[in-house]
Amino acid sequence: MTALPLAPPLSIRTHCPYCAYQCGMLVGDGSSDAPAGVQGDPHFPVNNGQLCIKGWTATTLLRHPERVTTPLVKHRGELRSASWDAALDDVADAIRRTKAEYGADAVGFFGSGALTNETAYLLGKFARVAVGTANIDYNGRYCMSSAAAGGNRAFGIDRGLPFPIDDLERADVILLVGANPADTLPPITQWFERQKKAGGRLAVIDPRKTATAKLADLFLQTTPGTDLTLANGLLYLAIEEGLVNEEYVAARTNGFDAVRRVALQYHPAHVERLTGVGEPTLRKLVRWLGTARSAMILSGRGAEQHTKGVDTVHAFINLALALGLPGKPSSGWGCLTGQGNGQGGREHGQKADQLPGYRLIEVEAHRQHIADVWGVEPDSLPRKGKSAFELLDACGPSGGIRSLFVMGSNVAVASPDLNRIDSRLSSLDHLTVCDSFLNDTTAHAHVVLPVYQWAEEEGTMTNLEGRVIRRRRVARPPTGVRGDLDVLRELAERLGHKDKFDFAAPADVFEEFRRATAGGTADYAGITYERIDREDGVFWPCPSEEHPGTPRLFTERFHHTDGRAKFFPVEHRAAGEEPDAGYPFFFTTGRYREHYNSGAQTRLVGVLAKAKPRPVLQIHPAAAGRHRIGAGSKVTLESRRGRAEFAADVTPEIRPDTLFAPFHWGGREAANRLVGGFLDPVSRMPEFKLAAVRIVGAAG
């Protein structure tokens with residue numbers, strides 16, 4: 001692509017720090033000062049110049065007065081300023097002491113889907129080589145892990161979207177399941193608008209009439225936790241109406257007969273009783289999907305963050321395969337990934353069961369390849385460790401994790417069952433947090449290490465399409481702040497592993513990272529910084545510098561050894577906790593357009609905080625009337641794990657049996673204080689999207 005001349009001062013191309021859409025941005029003028037402004041990059045073919053309110057205000061935090069600019073070490077119960085040497089010595093001493101007294105697995109690491117590929121890679125290497133612990137996981141486990149597991153099992157590969165984003169505008173029908181991208185990935189709505197303008201249809205499945213549902217041609221307002229049932233019901237009708245693509249099923253898949261037998265148990269009357277969606281609506285939707293020239297099914301966290309999240313993903317993939325969609329132009333199943341580097345973050349080694357390149361830590365050939373790159377013996381690499389919630393729940397003397405190192409994640413707001421997590425964090429012998437601001441997690445920390453923000457570092461990210469892109473340094477970091485890679489290098493030196501971490505720059509890490517991914521499922525070997533610059537990003541897999549990259553997957557074969565996709569028969573089952581007489585409401589959570597994840601950063605941005613200063617509880621007028629709740633009333637909810645308080649928004653846009661609140665706040669307003677630690681048996685995803693609650697107080 002030929003770049004048009006850009007007028008200063010905004011001329012450096014980089015990407016937004018927030019969601020997986022990774023909008024292209026123009027920031028700064030190449031000087032070393034922090035940039036004053038930002039604008040959308042009109043040449044980046046994903047957002048085409050559009051930004052959301054978070055993107056427009058993204059540079060606000062770079063010189064924020066609450067920024068931490070010196071290391072902090074706890075002394076007599078208080079965090080006090082310290083030198084970098086003193087703080088790093090303290091962390092290294094804690095790691096050595098913990099290993100000596102309890103073993104390497106007593107040291108835990110918790111990473112983030114916000115880290116660059118280079119940092120995610122090096123954090124995984126640091127945990128396994130410099131420390132030798134099995135216990136490393138990251139907050140992406142809370143985000144896309146169910147979709148990732150379903151994609152891997154069905155297709156043999158996990159990439160959020162198996163096609164470029166511009167395929168959306170050419171789809172005749174798009175079905176969104178538990179996804180509200182109008183709020184979570186706002187600039188993506190331009191593609192839905194184009195698709196509809198071209199005559200396409202949009203359908204949305206959600207318990208709430210969200211901003212996205214209001215754009216839909218067909219809205220299915222389901223009972224929380226019943227998406228799997230609805231998908232099986234759609235497949236029942238597809239079979240009944242003769243919409244199954246038998247030729248495609250025979251040529252490209254395995255296992256349909258077992259799925260057919262299960263689906264035929266999901267009569268529309270049974271499905272309506274569980275989901276609340278009637279047969280005429282189900283039949284209309286399946287006819288749209290089954291007769292369209294092109295159709296997509298895209299899932300989000302609403303369908304995936306359940307104890308049956310993987311099975312729900314399988315149910316919709318089963319439907320897509322039966323209709324012959326995956327691999328067909330502008331068609332298939334995909335996941336709308338959440339965090340900025342949620343895709344890259346789960347590919348390169350900060351997940352408990354994986355090594356870089358999407359290699360598996362329990363496969364001997366995979367261990368041998370990574371050991372060769374790292375210059376260690378395969379047997380020295382730890383085995384599979386604890387998943388994110390299980391790792392945090394094991395903190396303290398009773399669980400065995402005595403020292404924890406957190407990089408880029410506010411686990412004290414983002415985790416389920418927060419009262420329990422607070423207790424676990426408080427019982428640690430030592431907690432290190434690398435972050436730019438104090439937050440709910442640093443309140444428990446023994447050491448806080450102040451690190452670069454997005455605009456102050458170089459590296460790569462991988463967006464929801466599987467497009468690898470460049471993050472550029474466009475601002476001078478404040479005096480006293482260091483990079484994540486600097487922290488890991490200096491700690492490695494203190495622990496006697498300098499030779500394995502002696503990287504001068506992110507580009508050096510990327511070169512080793514390319515070798516580590518070579519031949520893996522997520523193969524980045526052919527991707528270079530220069531190619532990314534020249535080609536507006538490169539899609540993995542890309543096994544050589546001569547390879548063009550892979551914008552579209554599955555056009556000829558799937559990634560299982562026989563080239564076929566797999567059906568998985570799945571059935572409805574109860575959630576980890578269902579409403580009952582004592583706790584009669586479904587409680588579900590989600591995001592505001594103005595805030596991101598735990599809100600630790602966006603709540604500090606004046607424009608965003610003013611637009612959404614507090615969490616608001618959505619409650620149906622019928623439920624509000626029974627409890628004498630009016631607009632703005634202060635409502636206290638209680639689950640079997642804790643209480644949280646919200647201001648009320650009385651609205652018919654939510655089901656009468658369901659309550660909704662955003663999860664961006666901590667303290668008494670923390671929605672995740674109500675949510676339980678029930679886990680999907682395959683992905684270990686917590687059930688964020690369904691808890692049983694009751695109303696115990698209302699005032700005002």
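Residues numbered from 1 in each chain as written. Predicted model: local features only at pLDDT ≥ 70, side-chain atom pairs only at ≥ 80, totals over all residues. Heavy atoms only, no water.

## Quick look at the sheet that holds strand β2 (residues 24–27)
In a beta sheet, neighbouring strands are held together by backbone hydrogen bonds and run either parallel or antiparallel to one another. The strand order across the open sheet built from three strands is β1-β2-β3, with neighbouring strands paired in antiparallel fashion. Only two strands of the sheet have a single neighbouring strand rather than two, namely β1 (12–15) and β3 (38–40). Averaged over all pairs of adjacent strands, the angle between their axes in this sheet comes to 40°, without regard to strand direction. Note: β2 against β3, three bridges, orientation antiparallel. (Pairing = 2+ DSSP bridges. Helix = DSSP H or I, 4+ residues; strand = E, 2+ residues; numbered from the N terminus. Axes fitted to C-alpha atoms, helices over the stretch in contact; angles between N-to-C directions.)

## Structural notes on the packing of aromatic side chains
Counted according to the given criterion, the structure contains 18 aromatic pairs. For the pair Phe-155 and Phe-554, a centre-to-centre distance of 4.8 Å together with 35° between the ring planes defines the contact as tilted. Of this pair, Phe-155 sits in helix α4 (residues 145–155) while Phe-554 sits in the loop between β21 (538–539) and β22 (565–566), placing them 399 residues apart in sequence. As far as burial versus exposure is concerned, Phe-155 and Phe-554 are alike and both buried. Each ring, one from Tyr-592 and one from Trp-665, has its centre 6.1 Å from the other, and the planes form 80°; the classification is edge-to-face. Within this pair, whereas Tyr-592 is found in the loop between β23 (585–590) and α22 (606–611), its partner Trp-665 is found in the loop between β27 (658–662) and β28 (691–699), the two being separated by 73 residues in sequence. (Phe/Tyr/Trp six-rings, centres within 6.5 Å; stacked < 30°, edge-to-face > 60°. Buried < 20%, exposed > 50% of the residue type's maximum accessible area, 1.4 Å probe, protein only.)

## Focus on the pairing of strand β19 (residues 459–462)
Of the two faces of β19, both are covered, the one formed by Gly-459 and Met-461 as well as the one formed by Thr-460 and Thr-462. Counting the residues between successive antiparallel strands, the hairpin from β19 to strand β20 (residues 467–471) contains four residues, one of them, Gly-466, with a positive phi of roughly 85°.

## Some thoughts on empty space enclosed by the protein
Tallied over the entire structure, the rule returns four cavities of 30 Å³ or more. Considered as a void within the structure, the second largest cavity measures approximately 70 Å³ in volume. In terms of lining, the second largest cavity is formed by Cys-16, Tyr-18, Cys-19, Tyr-21, Gln-22, Cys-23, Leu-51, Cys-52, Lys-54, Gly-55, Pro-186 and Pro-187. Considering only residue class, the lining of the second largest cavity consists of nine nonpolar, two polar and one charged. (1 Å grid on protein atoms, 1.4 Å probe; cavity = no way out; pocket = protein on both sides within 12 Å on 5 of 7 lines; lining within 4 Å. Points joined across faces, edges and corners; volume = space filled by probe spheres on them. Nonpolar A, V, L, I, M, F, W, Y, C, P; charged D, E, K, R; others polar.)

## A word on the sheet that holds strand β18 (residues 447–450)
The strand order across the open sheet formed by seven strands is β5-β4-β18-β17-β16-β6-β7, and the pairing between neighbours is mixed. A strand with exactly one partner marks an edge of an open sheet, and here the two such strands are β5 (78–81) and β7 (136–138). Averaged over neighbouring strand pairs, the angle between their axes works out to 20° when direction is ignored. Judged from the four bridges that link them, strand β6 (residues 107–111) and strand β16 (residues 403–407) form a sheet pairing that is parallel. In the sheet register, Phe-110 faces β16, and the bridge partner there is Val-406. Helix α19 (residues 484–494) rests against β16, β17 (430–435) and β18 of the sheet, and its axis sits at about 150° to β16. (Contact = heavy atoms within 4.5 Å.)

## Things to note about the side chain of Arg-470
With respect to the helices and strands, the residue Arg-470 is situated in strand β20. Exposure remark for Arg-470: the relative accessible area of 10% places this residue in the buried category. A polar contact is formed between the side chain of Arg-470 and the side chain of Asp-533, at a distance of 3.1 Å. Excluding its chain neighbours within four sequence positions, the residues that come into contact with Arg-470 are Thr-14, His-15, Glu-458, Gly-459, Thr-460, Tyr-529, Ile-532 and Asp-533. (Polar contact = N/O pair within 3.5 Å; in protein donor to acceptor, adjacent residues only side chain to side chain.)

## A closer look at the packing of helix α7 (residues 227–240) against helix α13 (residues 309–322)
Contact pair α7 / α13: the axes reach a minimum separation of 8 Å and the direction vectors enclose 20°. Here α13 runs roughly parallel to α7, going by the angle between their axes. As for the relative orientation of α7 and α13, their crossing is left-handed in sense. When α7 is examined against α13, the residues Asp-227, Leu-228, Ala-231, Asn-232, Leu-234 and Leu-235 are found in contact with a partner set consisting of Asp-311, Thr-312, Ala-315, Phe-316, Asn-318, Leu-319 and Ala-322. By residue class, the composition of the contact of α7 with α13 is eight nonpolar, three polar and two charged. (Parallel < 35°, antiparallel > 145°, perpendicular 65-115°, else oblique. Left-handed = near helix turned anticlockwise from the far one by under 90°.)

## What to know about helix α15 (residues 364–374)
In an α-helix, one full turn covers 3.6 residues, which means residues spaced three or four apart are oriented alike. Of the residues making up α15, those classed as buried are Arg-367, Ile-370, Ala-371, Val-373 and Trp-374. Relative to the axis of α15, the buried residues are bounded by an arc of 160° and lie together on one face. Within α15, the exposed residues directed more than 90 degrees away from the buried face are Ala-365 and Asp-372. Against α3 (117–131), β14 (354–355), β15 (359–360) and α20 (506–517) lie the buried residues of α15. (Arc of directions from axis to C-beta.)

## Quick notes on the side chain of His-444
Along the chain, the position of His-444 falls in the loop between β17 and β18. Among all residues touching His-444, those that are not within four sequence positions of it are Lys-74, Asp-422, Leu-425, Ser-426 and Leu-431.

## A short note on the domain arrangement of the protein chain
The assigned domain composition of the protein chain is domain 1 (1–59), domain 2 (72–136 + 352–532), domain 3 (143–335) and domain 4 (585–699). When each unit is reduced to the centre of its C-alpha atoms, the spacing between domain 2 and domain 4 is 31 Å. In this assembly, 16 residues from domain 2 lie in contact with 22 residues from domain 4. Carbon and sulfur atoms make up 56% of the area that domain 2 and domain 4 hide from each other, which totals about 1,400 Å². (Domains from an automatic or database assignment. Buried area = accessible area lost by both parts, 1.4 Å probe.)

## Comments concerning the layout of surface pockets
Estimates place the volume of the largest pocket at around 560 Å³. Lining the largest pocket are 29 residues; nearest its centre among them are Asn-152, Lys-351, Asp-353, Gln-354 and Leu-360. For the lining of the largest pocket, the secondary structure elements donating two or more residues are α4 and β15. Sorting elements by how many residues they give to the lining of the largest pocket places α4 first, with five residues. Its residues assigned to classes, the lining of the largest pocket shows eight nonpolar, 11 polar and 10 charged. Estimates place the volume of the second largest pocket at around 300 Å³.

## Quick notes on the confidence of the model for the protein chain
Chain-level statistics for the protein chain give a pLDDT mean of 96 and a share of 97% at 70 or above. Below pLDDT 50 for its whole length, residues 1–7 participates in eight contacts with residues either more than four positions away or in separate chains. (pLDDT = per-residue confidence, 0-100.)

## Quick word on the pattern of salt bridges
Going through the model one piece at a time under the given rule, you end up with 55 salt bridges. A salt bridge links Asp-353 to Lys-351; the shortest N-O distance between them is 3.3 Å. Measuring nitrogen to oxygen at the nearest pair gives 3.1 Å for the salt bridge that ties Asp-533 to Arg-470. Highlighted residues: Asp-533 in helix α21 (residues 529–535) and Arg-470 in strand β20, separated in sequence by 63 residues. Overall, Asp-533 belongs to the partly exposed group, its relative accessible area being 36%. The structure contains a network of salt bridges with shared partners spanning Asp-85, Asp-89, Arg-482, Glu-490 and Arg-494. (Salt bridge = Lys/Arg side-chain N within 4 Å of Asp/Glu carboxyl O.)

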